[in-house]
Structures are given as structure tokens and as C-alpha cells.
2 protein chains.
Amino acid sequence: MSEFNTIARPSAHVGKLLENKTLFPDPPTRGPLAQYRKQATIDWRKLKLSFHDETSIELQHRVWDFARKHPLFAHPNQTLTMDEERHLATKRMYVVQNEKMFTISDFLERPDLATIYHQAWIAYEPSMAVKYSLGFGMFPSVIRTLDVGRLDEIVERNEKGEYLGAFGLTEIAHGTNAKGMRTTATYDPTSGEYILNTPDFEAAKCWIGNLGKTCTHVIVYAQLYTADGKHHGLNAFVVPVRDPTTLQAYPGVTVGDLGAKAGLQGVDNGFVMFRQYRIPRDNLLARTGDVNEQGEFVSPFKDPAKRFGASLGALSGGRISICGIANVYLTKAITIALRYSASRKQFGPDDSEEEWPVLEYQSQQFRLFPHLANNTVIRVFNLWFGKAYGDMQLKLLGGENIGATGMEVHALSSAAKPVCTWAARDGVQECREACGGHGYLKLSTIGDLRGNNDPNCTYEGENNVLIQQASNWLLSVRAKGYEKFAEVSPLGSAQFLAQYASLSKRKANWKSPTDAGSIASRS
Amino acid sequence: MSEFNTIARPSAHVGKLLENKTLFPDPPTRGPLAQYRKQATIDWRKLKLSFHDETSIELQHRVWDFARKHPLFAHPNQTLTMDEERHLATKRMYVVQNEKMFTISDFLERPDLATIYHQAWIAYEPSMAVKYSLGFGMFPSVIRTLDVGRLDEIVERNEKGEYLGAFGLTEIAHGTNAKGMRTTATYDPTSGEYILNTPDFEAAKCWIGNLGKTCTHVIVYAQLYTADGKHHGLNAFVVPVRDPTTLQAYPGVTVGDLGAKAGLQGVDNGFVMFRQYRIPRDNLLARTGDVNEQGEFVSPFKDPAKRFGASLGALSGGRISICGIANVYLTKAITIALRYSASRKQFGPDDSEEEWPVLEYQSQQFRLFPHLANNTVIRVFNLWFGKAYGDMQLKLLGGENIGATGMEVHALSSAAKPVCTWAARDGVQECREACGGHGYLKLSTIGDLRGNNDPNCTYEGENNVLIQQASNWLLSVRAKGYEKFAEVSPLGSAQFLAQYASLSKRKANWKSPTDAGSIASRS
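Residues numbered from 1 in each chain as written. Chains lettered and ligands numbered in written order. Predicted model: local features only at pLDDT ≥ 70, side-chain atom pairs only at ≥ 80, totals over all residues. Heavy atoms only, no water.

Enquirer: Please give an account of the overall build of chain A that cites residues and values.
Expert: When helices and strands are counted, chain A shows 19 helices and 11 strands. Against the 2.2 N^0.38 benchmark of 24 Å for 523 residues, chain A shows a C-alpha radius of gyration of 25 Å, consistent with a compact globule. With respect to the three principal axes, the spread of C-alpha positions in chain A is 90 × 60 × 45 Å. Within chain A, the fraction of its 523 residues that count as buried is 50%. Residue pairs at least 24 apart in sequence account for 67% of intrachain contacts in chain A once pairs closer than 6 positions are excluded. When the accessible surface of chain A is summed, it comes to about 25,300 Å², and 56% of that surface belongs to carbon and sulfur atoms. Side chains of chain A give 58 positive and 55 negative charges; the mean places of these two sets differ by 4 Å. (Helix = DSSP H or I, 4+ residues; strand = E, 2+ residues; numbered from the N terminus. Rg over C-alpha atoms; globule rule 2.2 N^0.38 Å. Buried < 20%, exposed > 50% of the residue type's maximum accessible area, 1.4 Å probe, protein only. Contact = heavy atoms within 4.5 Å. Areas by Shrake-Rupley, 256 points an atom, 1.4 Å probe, with all protein chains shown as cover. Lys, Arg positive; Asp, Glu negative; His and termini not counted. Charge placed at Lys NZ, Arg CZ, Asp CG, Glu CD.)

Enquirer: Requested: an account of the sheet that holds strand β4 (residues 205-208) of chain B, with residues and values cited.
Expert: Residue and element names in this part refer to chain B. Overall, antiparallel pairing links the 3 strands, which are arranged β4-β8-β7 in an open sheet. If you trace the sheet from one side to the other, it starts and ends with β4 and β7 (253-257), each paired once. On average, each strand axis in the sheet is tilted by 15° relative to the strand beside it, whichever way the strands run. Pairing between β4 and strand β8 (residues 270-274): 2 bridges, direction antiparallel. Each residue of the ladder has a partner; that of Lys 205, found in β8, is Val 272. (Pairing = 2+ DSSP bridges. Axes fitted to C-alpha atoms, helices over the stretch in contact; angles between N-to-C directions.)

Enquirer: So what's going on with the sheet that holds strand β7 (residues 253-257) of chain A? Residues and values would help.
Expert: Residues and elements named next belong to chain A. Spatial strand order, β4-β8-β7: 3 strands in an open sheet with antiparallel pairing. Two strands close off the open sheet at either side, each with one partner strand: β4 (205-208) and β7. Each strand axis lies, on average, 15° off the axis of its neighbour in the sheet, ignoring direction.

Enquirer: How would you explain the domain arrangement of chain A if you had to name every residue and give the values?
Expert: Residues and elements named next belong to chain A. One can read the domain layout of chain A as domain 1 (165-302) and domain 2 (303-348 + 355-505). The distance between the C-alpha centroids of domain 1 and domain 2 comes to 31 Å. Each side of the interface is counted separately: domain 1 has 17 residues, and domain 2 has 16 residues. Across the domain 1 to domain 2 interface the summed buried area is about 1,300 Å²; carbon plus sulfur atoms make up 66%. For the domain 1 face of the interface with domain 2, the top three residues by lost area are Leu 264, Thr 288 and Phe 301, together amounting to 33%. There are 0 salt bridges connecting domain 1 and domain 2. The interface formed by domain 1 and domain 2 contains 1 residue pair in polar contact (both at pLDDT 80 or more). (Domains from an automatic or database assignment. Buried area = accessible area lost by both parts, 1.4 Å probe. Salt bridge = Lys/Arg side-chain N within 4 Å of Asp/Glu carboxyl O. Polar contact = N/O pair within 3.5 Å; in protein donor to acceptor, adjacent residues only side chain to side chain.)

Enquirer: Explain the relation of the copies chain B and chain A to me, using residue names and the numbers behind them.
Expert: Each of the two chain copies can be generated from the other by rotation about an axis followed by a shift along it. Mapping chain B onto chain A calls for a rotation angle of 180° and an axial translation of 0.0 Å; the resulting RMSD is 0.0 Å. Within this description, the copies of the chain are treated as partners about a two-fold rotation axis. When C-alpha positions in chain B are compared against the rotation axis, the closest is assigned to B:Thr81, at 2.7 Å. The overlap is high: 100% of the interface residues of chain B also sit at the interface in chain A, so the same surface is used on both sides. (Least-squares fit on C-alpha atoms with pLDDT ≥ 70 in both.)

Enquirer: With reference to specific residues and values, describe the UniProt feature "domain: Acyl-CoA oxidase/dehydrogenase middle" (unreviewed entry) in chain A.
Expert: Listed under "domain: Acyl-CoA oxidase/dehydrogenase middle" (unreviewed entry) in the UniProt record, and renumbered for this structure, are residues 166-275 of chain A. Taken end to end, residues 166-275 of chain A comprises 0% helix and 42% strand; its first and last C-alpha atoms sit 19 Å apart. (UniProt positions renumbered as here; feature names shortened; annotations may be inferred.)

Enquirer: Outline the state of the cysteines, listing residues and values.
Expert: Going through the model one piece at a time under the given rule, you end up with 0 disulfides over all chains. Free of any disulfide, B:Cys206 has its nearest cysteine sulfur in A:Cys435, 14 Å distant. Left without a disulfide partner, B:Cys420 is nearest to the cysteine sulfur of B:Cys323, which lies 3.8 Å away. Since its relative accessible area comes to 3%, B:Cys420 is described here as buried. (Disulfide = S-S within 2.5 Å.)

So, in C-alpha cells, the structure goes:
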């Protein structure tokens with residue numbers, strides 16, 4: 001991971017950057033935090049630059065300044081009903097889409113900024129950001145990746161804000177067991193259409209973000225059957241579900257909202273059932289397989305398992321994105337809790353009238369500092385992993401063979417999502433408690449951070465199941481001998497296991513707290 | 001703890017009880033849970049009777065049947081705003097108070113039923129139950145305990161529902177450090193009144209349940225000063241804050257709502273500030289100290305620390321009550337999660353068309369069963385502790401010397417609240433995740449259980465601070481020698497530490513999983 005943060009910058013330029021008051025506005029010099037800021041032995045500007053370059057920080061500020069000034073982004077001064085929250089998140093989403101702060105051409109120039117942009121919105125308004133990234137990010141991106149040039153108009157009208165998308169894999173009765181989905185798509189050669197059908201309530205697509213009230217199109221994963229009765233596994237279709245002008249559901253489509261949740265209240269998660277609902281032949285995302293004009297299924301993949309894997313490839317990126325989102329939530333919570341602890345005074349030495357900030361007490365430090373450290377390590381990892389994933393995607397788009405990297409990314413993202421989202425879960429909760437009653441007030445926002453992080457533990461692969469996926473990979477490699485880890489891990493995440501024999505015999509050589517705290521002593 | 005569950009019941013009577021379909025309605029014989037119910041090797045009715053006697057179960061059913069049939073207790077079919085939630089909880093509270101299902105005379109006959117009654121409501125509608133127990137339970141109970149016969153009218157009008165009470169100790173800037181409170185009450189001998197004053201915003205009483213919108217009276221803890229300028233520590237006053245007819249605040253009282261929270265949205269937590277606000281001399285709760293007609297402070301306690309302890313005695317009972325509330329929340333969550341796991345199917349053996357209930361998978365069992373076991377142990381403990389505390393209270397009311405029991409109850413409740421509330425926190429969260437996306441829906445109620453349990457970790461003593469209180473007691477006894485534990489623990493909770501020397505040398509003698517699972521092997 002040593003490649004991280006090697007953007008070459010002449011030191012004179014860095015010096016000038018540090019004086020840029022737009023990127024680095026001076027913190028307040030008064031108030032309870034001032035004394036702690038003065039005591040700091042690190043330069044927070046340099047620390048920030050070690051995570052993000054100036055273009056990234058500029059983009060963050062552009063997002064936050066926009067939201068701060070736009071009246072629709074003002075925090076409501078009373079609690080909203082669920083419908084009001086969804087309405088507000090939708091309006092905000094269209095404002096952001098029309099603003100075109102970060103377009104596909106910006107993305108092609110600097111793919112890594114997509115994460116920065118998304119996370120800046122996650123930090124400000126997560127419901128809007130989730131709706132936006134599903135409807136204007138994941139939806140066109142999956143079409144671009146899996147379409148064979150037949151659905152460009154849908155992507156264009158989506159970009160114009162005329163169509164809003166959603167991604168529909170999960171059903172009421174099946175989530176983790178994706179192959180068990182039961183929605184069917186049967187090809188009708190006489191009309192050249194697919195007939196979508198939901199056999200019963202348990203096969204309704206559900207949990208789909210944007211589907212509840214607002215989307216016009218859904219990418220639906222369905223079991224494909226040809227007229228000869230043959231089954232060709234799960235395939236993805238772009239399915240129009242609502243009239244873009246009226247948002248009324250089309251005949252044959254039963255669509256609705258899943259109702260209130262424990263967080264992300266602005267996201268209209270929904271369900272949909274199809275009754276013999278016909279869509280054009282072109283709407284199959286055919287990169288991994290197609291039905292030709294003769295009504296036969298043809299695929300470049302010989303192995304159905306590999307075809308299935310390729311069609312679900314989007315989920316690996318989703319997991320990596322979630323790692324970053326969880327990191328943003330914990331960053332916010334730990335910042336709030338540390339600032340609170342530096343401001344909140346309680347008790348003091350017996351000989352003093354003045355009480356001490358609770359941050360001075362070891363018990364408060366033991367509660368918060370490990371989460372701060374953990375969150376920082378995870379951020380470094382996420383930046384590295386996001387870059388490694390982006391590089392792999394570019395190679396894939398350029399037709400390069402990525403060899404073992406795909407499998408390593410799958411295993412590593414399966415291991416990382418549980419680590420990152422549970423770190424946020426536990427850290428946010430500790431922050432809530434460390435702020436006492438004040439942390440329980442909605443205006444502290446910590447309760448919302450908890451509720452918003454919560455689904456991260458479940459979607460794009462349930463955490464406990466993902467751990468098994470990562471373990472399966474490790475065990476399968478180990479079965480071939482530890483030395484194999486040198487080959488199967490081009491990104492380097494598991495190469496150290498090739499030295500398992502010697503590593504497992506190593507012991508800590510720390511003799512004192514100073515040793516333990518020193519990086520140098522960790523050979 | 002061996003005294004628990006020794007209510008003598010002839011076995012013929014028990015046999016008849018078990019056939020009582022009102023107390024033990026037959027569970028459904030169809031549906032996904034039926035097969036698991038059939039497999040059970042225990043009789044759930046007997047298990048229930050080992051926790052609660054028939055009078056308790058009857059009372060529970062009376063509460064739940066009432067709520068099930070009363071239109072005001074129907075679950076709203078849309079999300080409510082904060083104001084609507086508070087309005088609804090208030091209306092429900094008055095309905096329950098007027099219903100007089102459990103009165104003070106019921107309490108005097110069977111004090112232990114108070115907990116049963118309260119927990120039955122907590123299980124059904126926690127916001128209402130919290131408001132009710134603060135306003136019609138804790139408020140009159142503290143007055144009865146600390147008044148000297150001057151405020152009976154307030155208690156009577158409270159019982160009639162004309163007055164609603166609140167308990168006000170915490171201030172904006174002080175919670176854990178209770179002695180640091182800064183609200184003052186200065187005695188004015190010319191008028192025979194106390195003048196309450198809040199020096200600044202940080203000294204506003206805050207977080208007080210019922211104070212936000214609905215209460216008429218608050219028990220206010222304030223620093224007492226006599227006209228000679230002498231300070232007599234924190235004392236409790238019954239303070240009228242709102243006109244009982246209009247609910248308008250009286251002149252000199254600035255009172256308001258603290259706003260939305262991460263749970264218990266129906267409880268109107270509030271703040272109050274006093275500007276030279278006068279209340280009658282009688283309104284000091286004078287059991288622990290009074291100002292006489294000459295304007296001098298007199299107290300039966302010579303040691304101010306002991307007086308302070310006596311005046312805050314109510315908080316020990318609060319902690320024990322919270323242990324039970326947390327237990328109710330986890331009981332609900334674990335029941336939901338286990339039933340879900342028995343219904344939810346995902347994957348199955350390769351040779352089978354049928355999928356398996358996820359409860360059949362070891363990973364799901366490992367996630368849920370420890371919380372079920374933990375919750376059961378905690379319930380047994382809570383029942384024992386509640387009874388021990390009730391017995392101590394009866395002795396106190398009868399003027400008996402309780403010796404070391406008071407200190408043991410303080411230490412044990414300080415240790416137990418963190419154990420019970422964190423067990424609920426972690427268990428409820430695991431249940432949320434174990435139910436996947438369905439557990440994230442508001443209608444699963446698990447998110448609400450989490451939000452409602454959350455403040456249990458903070459109020460009536462912040463958990464991390466309480467641990468230190470319990471540790472202090474253990475360390476102070478140990479400093480005198482382990483054999484002292486036999487004397488300081490009349491309830492028996494710490495007597496085993498007298499055998500520390502031999503206990504610390506014991507090793508587990510289990511040789512197999514069967515040994516570990518057998519109670520007999522644990523000598």
C-alpha cells in the first residue's frame with residue numbers, strides 16, 4: 001500500500017496551498033476548542049493533504065458551499081413525516097443533477113473524484129446522495145457496462161433528468177441467495193418481446209432504492225426462459241415501470257413504497273410485481289448473453305457461473321463504495337464526540353473551582369481514541385483500495401486481462417465491508433454514548449448517523465455472509481499451500497501469508513509502552 | 001438467589017393453571033413456526049410460570065388486552081411528526097391514568113406487581129410508559145418519601161390526573177457531577193418563600209421528561225441558601241411551573257421542549273429556567289432537612305454527604321427499573337429475530353429443491369442464541385434484584401436498620417445497569433442485522449427498540465461512570481481484606497469474593513462439549 005499518496009507536489013506549491021484560505025479556512029481562535037487546537041503538534045492542513053489532493057478538496061468545498069447556500073438544503077427546523085423526507089430528498093436530488101457539478105467527462109478525466117464527490121454529498125445529505133448515486137450513478141453505469149449499444153437513449157434521457165433509474169436484484173424471499181430469485185422473463189419470438197412475470201408475492205422485487213415513488217426505470221434481474229422452455233439463468237433487463245410525465249405505474253406493473261425505515265428516511269425503497277408485462281427485446285442487457293432473432297440464447301461465456309459473476313460485477317464496486325460511506329459516517333461522529341469532549345466539563349481536581357473537559361479523563365480517551373485511530377487506518381485503506389479498483393476497471397474497459405486481481409478484489413471487498421461498516425457501527429454508538437444525553441438529541445445527528453450506517457451492514461452482501469466468502473477464498477488458497485498466496489494476490493493484500501510459517505512464530509518485541517507506541521520498533 | 005421462584009403452588013393447581021386459555025392461549029398450529037413449536041422439549045407455559053405467577057400474568061394480559069381494544073392504542077398507519085408522537089403519548093397516558101388498572105392500594109398489597117405493570121406498558125408503548133411512570137409514579141413516590149406531610153394535596157391532585165409531575169436534577173452543564181448543579185433556592189424570611197433562580201443558560205434544568213409540554217409540577221434540585229448567605233447543599237423542591245388548566249408557564253418560568261431525539265419520541269423532554277421565581281416554604285421536601293420559621297436550616301443528618309445520598313436515593317430504584325426495561329426490549333427483539341429466522345428460508349442442501357430456514361445454520365445460531373441465553377439470565381437476576389430492593393424499601397419504610405444492604409444495592413445497581421443495558425444494546429443490534437433488510441424496516445420495530453434502549457445507557461447514571469462506582473466499592477472492600485466481602489454483602493452478591501484465594505486457583509474441569517453444557521459438571 002506504499003503507493004498511496006505519492007502525488008508529486010513541489011514543496012513551494014504545497015506551501016502556497018497551505019495558505020489558501022478557501023481550501024483551509026482558519027478555525028475559530030476562540031471557544032473551548034481553541035486551547036486544544038493550539039496544543040496540536042501536527043499541521044491539520046498537511047494531514048488533510050496527505051489524504052486528498054487540492055482538486056479533491058476543491059470539489060468537496062464546491063459541494064458543501066453549494067448546499068450551504070441553496071435554500072432547499074437548509075436543515076428543516078422541525079421533524080418531517082416520512083413523505084416529507086422523501087419529497088425533500090427527491091427535490092434535492094434533481095437540483096444536484098441539474099447542477100452538473102461532476103459529469104461523466106469529469107469522471108473520465110479523474111475517475112477517483114467520483115468517490116470524493118459522492119462522499120461529500122454523503123457527508124451533507126445521505127438520503128439524497130444514496131438516491132442520486134443509485135438513480136444517476138449506478139443505473140447508467142450498469143447499462144454502460146452490460147448493454148451492447150441498444151439503450152443509449154435511456155442513458156441520455158437519464159442524464160438529462162427525464163428518466164430516473166433503480167437497481168432491482170433482491171426479492172422479498174431472496175437476497176443472499178441471489179440465484180434463488182424467481183421473477184421470470186420469457187422470450188416471445190412472435191412479438192420479439194420479453195414477458196416479465198412475478199409468480200407470487202414472495203418473488204416481488206423489493207428494497208429497491210428509488211422504486212417506491214420516483215423512478216421511471218428499473219434494472220430487473222430475472223430468470224430468462226426461451227420459447228423452447230429452456231432456462232438461461234439470471235439476466236438483467238432495463239424495465240420501464242412508470243410514465244416519466246405522470247409517474248403513474250404502467251398497466252401490468254404493481255409498484256409501491258416499502259414504508260418507513262430505521263434510517264435513510266428520504267430514500268423511497270420500493271417493491272414491484274409484474275403481471276405478464278412486456279418489454280422490448282433490446283431491453284435485455286446483452287453483454288453477458290442475448291437471445292438472437294431466431295429466439296436462441298447466445299453467450300460469450302461458456303461457464304454459466306462466470307456469466308452470472310460478470311453480470312453481478314457491479315456489486316463489488318458497491319461494496320467498496322459502502323466502505324467509504326461508513327468511513328464518512330464515523331468521521332463525522334468521532335469529530336462531534338471529540339469536540340464535545342473538549343467542550344464538556346465535568347468534575348475537576350479537589351483543589352480547583354474549575355472543572356475539567358471530559359477529554360482530559362482517561363476513561364473518555366479510552367472510549368474515543370481507538371475509534372479515531374481505527375477510522376484513520378480505514379480511510380488510508382479505502383483510498384488505496386478505491387484506486388486499485390479504479391485501475392482494475394480501466395484495464396477491464398481497455399480489454400486487458402486482469403488475471404487474479406478480480407478474485408482478490410472480490411475477496412478483499414467481502415472482507416473489508418464487514419470491517420468498515422462494523423467499525424462505523426461500534427464507533428458511532430460509542431460516540432453517541434460518550435456525548436451523554438446531548439448525543440441522544442436528534443440535533444447532535446449521531447442517532448441519524450447510526451440509522452444511516454445500519455443498512456451498510458446488510459446490503460450489497462450481508463456482512464456475516466461476506467466474511468464466509470472471504471474465508472472461502474483464503475481457505476481454498478491455503479489448501480494449495482501457503483506459498484500460493486504470493487501468486488493469487490497481485491494487489492498484495494494476502495501476500496504476507498506466503499510467509500505464514502515464519503510469521504506465526506514471531507513475537508512482539510516491545511518491552512515498554514514507549515516501544516509499543518513507536519513505529520520504529522515494529523520491524 | 002436461590003429464593004427466587006419459591007411461591008408455593010400445589011401441583012394440581014398448577015396443572016389447572018396450565019390449561020387456562022386466557023393466561024396461556026394456544027399458539028397457532030399452522031405457519032412456519034409450527035414445526036419448531038412441535039419440536040420443543042420444554043413446556044413454554046411452565047417456563048413462563050417460573051418467571052411470573054398467575055396474578056402477574058393476569059395483570060400483563062389485562063394491560064395488553066386493554067391496549068389491543070382501545071382505538072387510541074392502535075398503531076398509527078403512517079409515520080408521525082414529533083409533535084404528533086408527543087400528543088399521542090400524552091393522550092394515551094391520561095387514558096391509562098384514568099383507567100386505574102394498578103393503584104397505590106394494589107401496590108401496597110403486592111409491591112412487586114408495580115414492575116410487572118410498568119414493564120407490560122413498556123412492552124406495548126414505551127413513550128407513554130416512560131411519561132406515565134415519571135409523571136404518576138416517580139413524582140408522587142419521591143414526594144411521599146421526602147415530604148413531611150405538607151404536600152399531600154399535590155399528591156392527591158396528581159393521582160386524580162389534575163397535576164402531572166416531572167423530576168428535575170440534570171442541568172445543561174451538569175449531569176454526572178450532580179453536586180455541581182447551579183440552580184439556587186434562597187429562603188426569604190420576610191415572605192416565607194424560596195426564590196428559585198437560574199444564573200445562566202448552562203444552569204437550566206434539562207432533559208427532564210414531561211417538562212417539554214405537559215407537566216404542571218417539577219421536583220427541582222437546587223442549591224439551598226438561607227438569608228444569612230449560608231449554603232446548605234442540594235435540596236429538592238416541588239415547583240409549580242404551568243397553570244394546570246391552560247398549561248401556560250407561570251411568569252418567571254421559562255420552559256420549553258428539547259426537541260427530537262434518537263428514540264422515545266413521544267416523551268417531551270424539556271428544559272426550565274427560573275427568574276427570581278417564588279414558591280411557598282412548604283414546597284421544600286423536608287425529610288432530609290428544612291428551614292425553620294426563624295430562617296435557620298435544620299437537618300436530622302449531621303453528615304451533608306449522607307443527606308445528599310438520602311435525597312438522591314430515588315435514583316437507585318431508577319437504575320433497577322432500567323435493568324428491567326432493557327430486558328423487555330431485548331426480549332422483544334430476540335423473539336422477533338428467532339421467529340424471523342425460523343420463517344426466513346435461504347439456500348438449502350445441493351440435492352434439495354426446498355431451502356432451509358436460516359435458523360438451521362450455525363452462523364445464525366451463533367449470532368442469536370448467546371443473546372437469548374444472556375437475556376434469560378438477566379431476567380432471572382432482575383426478578384431477584386427487584387424483590388431484594390422491594391424488601392429493603394419495606395424495611396426502610398418500617399424504620400428498620402438496613403445496615404450494609406443500602407451500599408450493596410447501590411454498588412450492585414451501578415454494576416447491573418451497564419450489564420443489562422449494554423446486553424440489550426448489543427443484542428438488539430445483532431437482532432436487527434440477523435433479520436437482514438426486513439429488520440431495517442420500521443415495522444419490524446427493531447430500530448425503535450434500539451432507539452428506545454439507547455438512553456438507558458446514559459440516564460440515572462452514565463454507564464461508564466457507574467462501573468467506576470461499583471469498582472470503587474469493590475476496591476475499597478478489598479483494601480480491607482477479601483474476608484470482608486462476607487460482611488459487606490448481606491444480599492450475597494459479593495460474598496463469593498471472600499473465597500478469592502481458593503476461587504482464583506480453580507480451573508475448569510470440563511473435558512468435552514457435553515461437560516461444558518452440563519449444569520452438573522459445574523461444581
